Amino acid sequence: MNRCESRKRRRSFSPDRGSPEPGVLQPRKSNYQEWDVEDVCRFLRMKGLGKFEQLFRDEKLSGAALPFLTDLDLDQLGVSPLGDRLKLINCIDTLWQNPIDAKVFNDPIHGHIELHPLLVRIIDTPQFQRLRFIKQLGGVYFVYPGASHNRFEHSIGVAHLAGQLVKALCGRQPELRINHRDILCVQIAGLCHDLGHGPFSHLFDGKFIPLTRKDLKWKHEDASLAMFDHLIDTNGLEVVLLSYGLVLPEDVKFIKEQIQGRPTEGNGAGDGSEAWPYKGRTREKGFLYEIVANKRSGIDVDKWDYFARDCHHLGIRNNFDFERFLKFARVCEVEGMKRICTRDKEVGDLYNMFHTRNTLHRRAYQHRVVNIIESMITEALVLADPHIEIVGKDKKKYTISKSIEDMEAYTKLTDNIFEQILYSSKPELWEARKILNNVLCRRLYKWIGQTQPAAEAMIEQEEFNELANQIAAVAPSTSLEVKLGPEDFIVNVVQMDYGMAEKDPINKVRFYCKNNPNRTIKIRKDQVSQLLPERFTEQLIQVYCKKSDDQSLQAARKQFVQWCINRDFTKPRDGDIVAPELTPLKPDWNNSDGDSDDSDPWDELQSQRQANSHRSLAKAFD
């Protein structure tokens, strides 16, 4: 691990940060796993639980046994009152919630982060270190120079926030019986949720794999699960997991279920009446599945970190305050399920969260230059795919697209593939090298325009590949000097929403009120503000041309405008400039808008005088 990461400071002993009571001896050893029975008894006295000393002596419970003590074990040992059992469990849990040998990372977003030594052991593996070399925002870095951050620091931030949220719930509601295993598993899931990302992040699983493995439905979460297993096996971490009190294979299943996310509705994960689909935790602790990857409402710590981190590096304002959510988060029962809820007054802040998501997509992730750069990089990777060899298990060789079948090979696949192609001397990579060199020299495919279909006429996924053919086949009413083919166009369909297609994600959230924190309510949009969106989804159609000469670009723009007329899409913003002879052919593109600000100043003055006259007349009759 890099020494510059400021994680070498060891903490003082006291788990609760306080000093021991005067006259009470501390345990002789700082590491609780090395405590003998008398050290454990000293710890109980220090915590004001001396009445249980004799019980621990009789059962010869040393420090090594503490991680495995459960509520049921204490009950069987004779600790009958529930309150006493909870006090003991919470007291013992402080030993690993704030471990002695925790490491400190200095993070630009969250400040000084303390991570459990088990998480540090996972970080210090080749499989996790690989994330240092995968850009968080892929091709965005070619447009926003500050977007140089990687999946590595994002994953550490998610692990930190996952711990913050689960510990907040544990401290606020001890009746939930959240134990150290739950906390560690949630943090590990946050740390490892992005292990499966490929080169340039979402470019790999969103664009490259669909083109090269058309018969395969594959997402980076699939690779994250396989990579997590590979990480545990190749680094011998099973013994380490057991040494920190985790139970195998149950807790490994729980971690992987969190990474994968909740099954879709109708597969046993809807309301409380359906069968419980998980193996790692029971329905009683179902709320833990909403922390890292919340497929129900979309409110999870993964988003919290990338909103804050991406906004910081992009120079875009983040309007969501996750620290307030941590203050008001509470587990309540909703239709037979325990779910994480928040205060009713926080509903506006949640809308701000999804507005921030929309802003990031519009201004950065789906920026028109970002999209064409990523399309060019994808094109280069597709051309290079058959000619790149990556050595995997048993020295078997894989192409880029097939490396996802072998985690040893996939571990070697990072953003470095860009330079590997760019500086290769292989003649079969000449065309791919040329494209990547054009990206670096800013010789990009040319922007033609953008349009939108009506809400009821959105383009289906099956039609995406036909759009370039449609534009090329258009014959504008004016003659064209150049004939362009489908291969000359790139059409990018962007789905903009609040994360749940046409649905309002806040409808999936439940709130509680100050007067009754145990009863949940649903808050409708019209109860919040009249200025919120009427619709929560739209499509943007971005069109580019591979040719760069003036005649070809002029022809491409006219064909694009004519295509928009034929499909009844919105008028391109520069339509009146690039095709002034075509836009008048569509009447509704030229109708004056009732909300237009192009009113005559003299008419406005006359209206104002008339209004003043009416007010004067009204006063005369008062």
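Rules and cut-offs
- Residues numbered from 1 in each chain as written.
- Predicted model: local features only at pLDDT ≥ 70, side-chain atom pairs only at ≥ 80, totals over all residues.
- Heavy atoms only, no water.
- Helix = DSSP H or I, 4+ residues; strand = E, 2+ residues; numbered from the N terminus.
- Buried < 20%, exposed > 50% of the residue type's maximum accessible area, 1.4 Å probe, protein only.
- Contact = heavy atoms within 4.5 Å.
- Areas by Shrake-Rupley, 256 points an atom, 1.4 Å probe, with all protein chains shown as cover.
- Disulfide = S-S within 2.5 Å.
- Pairing = 2+ DSSP bridges.
- Phe/Tyr/Trp six-rings, centres within 6.5 Å; stacked < 30°, edge-to-face > 60°.
- Lys NZ or Arg CZ within 6 Å of the ring centre and 35° of its normal.
- Core = buried A, V, L, I, M, F, W, Y, C linked by side-chain atoms within 4.5 Å.
- Salt bridge = Lys/Arg side-chain N within 4 Å of Asp/Glu carboxyl O.

S.K.: Outline the overall build of the protein chain, listing residues and values.
M.R.: Within the protein chain one finds 23 helices and 11 strands. Classification of the 622 residues of the protein chain by burial places 52% in the buried group. Within the protein chain, contacts between residues at least 6 apart in sequence are counted, and of these 69% link residues at least 24 apart. Entry remark: accessible area of the protein chain is about 30100 Å², with carbon and sulfur atoms responsible for 48%.

S.K.: Account for the state of the cysteines, naming residues and giving values.
M.R.: A full pass over the atoms with the stated rule returns zero disulfides. With no disulfide of its own, Cys-341 has Cys-332 as its nearest cysteine by sulfur position, at a separation of 4.2 Å. By relative accessible area, which is 1% here, Cys-341 ends up buried.

S.K.: So what's going on with the sheet that holds strand β10 (residues 520-521)? Which residues, and what values?
M.R.: The four strands are arranged β3-β4-β9-β10 in an open sheet whose pairing can be described as mixed. Each of the sheet's edge strands pairs with one partner strand only, and the pair in question is β3 (330-334) and β10. In terms of strand pairing, strand β9 (residues 511-512) meets β10 through two bridges, oriented antiparallel. By the bridge assignment, Phe-511 is partnered in β10 with Ile-521.

S.K.: Could you give me a rundown of the packing of aromatic side chains, with the residues and numbers involved?
M.R.: With the rule as written, the count across this model stands at 21 aromatic pairs. Measuring from ring centre to ring centre gives 6.1 Å for Trp-304 and Phe-322, while their planes differ by 10°; the resulting arrangement is stacked. Taken together, the residues span a long stretch of sequence, with Trp-304 in helix α13 (residues 301-314) and Phe-322 in helix α14 (residues 322-328) at a distance of 18 residues. In this structure an aromatic cluster arises from ring pairing among Phe-204, Phe-208, Trp-218 and Tyr-410. Arg-130 extends its terminal NZ or CZ atom over the ring of Tyr-410, reaching a point 4.6 Å from the ring centre. Above the ring of Tyr-141, the side-chain terminus of Lys-135 is found at 5.2 Å from the ring centroid.

S.K.: Talk me through the environment of Glu-250; I want residue IDs and the actual numbers.
M.R.: Here Glu-250 is to be found in helix α12 (residues 250-260). A relative accessible area of 34% places Glu-250 in the partly exposed class. Separated by 30 residues in sequence, Glu-250 and Gly-280 have C-alpha atoms that sit 5.3 Å apart.

S.K.: Please set out the side chain of Arg-309 residue by residue, giving values where relevant.
M.R.: Mapped onto the secondary structure, Arg-309 falls in helix α13. Using a relative accessible area of 1% as the deciding quantity, one classes Arg-309 as buried. Here Arg-309 is in contact with Asp-107, Pro-108, Ile-109, His-110, His-149, Glu-153, His-154 and Gly-157, once residues within four sequence places are set aside.

S.K.: Describe in detail the nonpolar core, supporting the description with residues and values.
M.R.: Counting 124 residues, the largest nonpolar core has Ile-188, Ile-291 and Trp-304 as the members making the most contacts within it. Broken down by element, this core gets its largest block of residues, 10 residues, from helix α7 (residues 151-172). Leave out the neighbours within four places in its chain, and Ile-291 touches Ala-162, Leu-165, Val-166, Val-186, Asp-300, Val-301 and Ile-340. In this structure, Val-493, Val-543, Leu-553 and Ala-579 belong to the second largest nonpolar core, which totals 27 residues.

S.K.: Break down the pattern of salt bridges for me, citing the residues and quoting the values.
M.R.: Oppositely charged side chains can pair when the atoms bearing their charge come close. For the coordinates displayed, the defined rule picks out 34 salt bridges. Where Asp-182 meets Arg-281, a salt bridge forms, and the shortest distance between an N and an O atom there is 2.7 Å. In this pair, Asp-182 is assigned in helix α8 (residues 180-192) and Arg-281 in the loop between α12 and α13, connecting sequence segments 99 residues apart. Salt-bridge contacts for Glu-284 lead to Lys-338; the nearest nitrogen and oxygen are separated by 3.0 Å. Of this pair, Glu-284 sits in the loop between α12 and α13 while Lys-338 is found in strand β4 (residues 337-343), placing the two residues 54 residues apart along the sequence. You can call Lys-338 partly exposed: its relative accessible area is 21%. Here the residues in one salt-bridge network are Arg-181, Asp-182, Glu-250, Asp-251, Arg-281 and Lys-285, joined through shared partners.

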